[in-house]
Amino acid sequence: MKCPFCGYTESKVIDSRPAEDGEKIRRRRECLKCEKRFTTYEIIETTPLMVIKKDKSREAFDRNKLLSGLLRACEKRPVAMNTLEQVVDDIQIALQNSLEKEVPSQRIGELAMEKLKGVDEVAYVRFASVYRQFKDINSFMAELKLILESKAN
Ligand SMILES: [Zn+2]
């Protein structure tokens, strides 16, 4: 979202609420460069986003499906439901903002892994192991090693 004052493209959202008609979201933003504030209205996308599955078949994007996948990965982990819903929101917004009508399921998986990494490492490894379908214990250990190394740094 371009700043109307200086044209800078990065801004942060400081307030977000539904507009009067309930079909738009009104966001107060602050430009990360000039720090001036402006308002944007975001229209909720009503065209369903289609997911291209591995076998090339299509199905409508289902946020509950994504959420339940994340919940499974976070079983018995100290992760709040709110956090996972936020993760799903972020992924959905990222997909809708990409303006693609069809998204490969792989991309959703990658986005989810990326987000989970910052939420809970155990959940991340669980999700990745299901998602990447590690062929053997070695490829699983290799992934785990990468995580531990990045943590040590
Ligand atoms: Zn600005």
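Everything discussed here concerns the structure shown above.
Parameters and conventions
- Residues numbered from 1 in each chain as written.
- Predicted model: local features only at pLDDT ≥ 70, side-chain atom pairs only at ≥ 80, totals over all residues.
- Heavy atoms only, no water.
- Axes fitted to C-alpha atoms, helices over the stretch in contact; angles between N-to-C directions.
- Helix = DSSP H or I, 4+ residues; strand = E, 2+ residues; numbered from the N terminus.
- Parallel < 35°, antiparallel > 145°, perpendicular 65-115°, else oblique.
- Left-handed = near helix turned anticlockwise from the far one by under 90°.
- Contact = heavy atoms within 4.5 Å.
- Nonpolar A, V, L, I, M, F, W, Y, C, P; charged D, E, K, R; others polar.
- Donors = N, O, S within 2.8 Å, 3.2 Å for Na, K, Ca; no water.
- Buried < 20%, exposed > 50% of the residue type's maximum accessible area, 1.4 Å probe, protein only.
- Pairing = 2+ DSSP bridges.

Q: Could you clarify how one ought to interpret the packing of helix 3 (residues 105-119) against helix 4 (residues 121-132) in this entry?
A: When two helices pack together, their arrangement is given by the angle between their axes and by how far apart the axes lie. Orientation of helix 3 relative to helix 4, taken along the N-to-C sense of each, is 160°, at an axis distance of 7 Å. Comparing the axis directions of helix 3 and helix 4 gives the class roughly antiparallel. The element helix 3 and its partner helix 4 pack so that their crossing is left-handed. From helix 3, Ser105, Gln106, Gly109, Glu110, Ala112, Met113, Leu116, Lys117 and Val119 reach across to helix 4, where they touch Glu121, Ala123, Tyr124, Phe127, Ala128, Tyr131 and Arg132. Within the contact of helix 3 with helix 4, the residues separate by chemical class into 9 nonpolar, 3 polar and 4 charged.

Q: Where do I start with the coordination of the zinc ion in this structure?
A: By definition of the ideal shapes, four donors in a tetrahedron about a metal sit 109.5 degrees apart, and six donors in an octahedron sit 90 or 180 degrees apart. Surrounding the zinc ion are the protein donor atoms Cys3 (SG), Cys6 (SG), Cys31 (SG) and Cys34 (SG), which sit 2.3 Å from the metal. For the zinc ion, the donor residues sit on a single chain with the sequence spacing C-x2-C-x24-C-x2-C. Of the two residues, cysteine 6 sits in the segment before strand 1 (11-18) while cysteine 34 sits in the loop between strand 2 (24-31) and strand 3 (37-43), which places them 28 residues apart along the sequence. We classify cysteine 34 as partly exposed; its relative accessible area is 30%.

Q: Is there a simple way to think about the side chain of glutamine 92 in this case?
A: Position of glutamine 92 among the secondary structure elements: in helix 2 (residues 81-97). Beyond its immediate stretch of four places on either side in the chain, glutamine 92 contacts Phe61 and Arg63.

Q: Help me out: how do you make sense of the sheet that holds strand 6 (residues 102-104) in this one?
A: By way of backbone hydrogen bonds, the strands of a sheet pair with one another, either parallel or antiparallel. What the 3 strands build is an open sheet, ordered 5-4-6; its pairing is mixed. With partners counted over all chains shown, the strands left at the sheet margins are strand 5 (58-60) and strand 6, one partner each. Direction aside, the axes of adjacent strands within the sheet are offset by 35° on average. In this sheet, strand 6 lies alongside strand 4 (residues 50-52) in parallel orientation, the contact comprising 3 bridges. Each residue of the ladder has a partner; that of valine 51, found in strand 6, is valine 103. Strand contacts of helix 3: strand 4 and strand 6, with the helix running at about 65° to strand 6, the strand carrying the most contacts.

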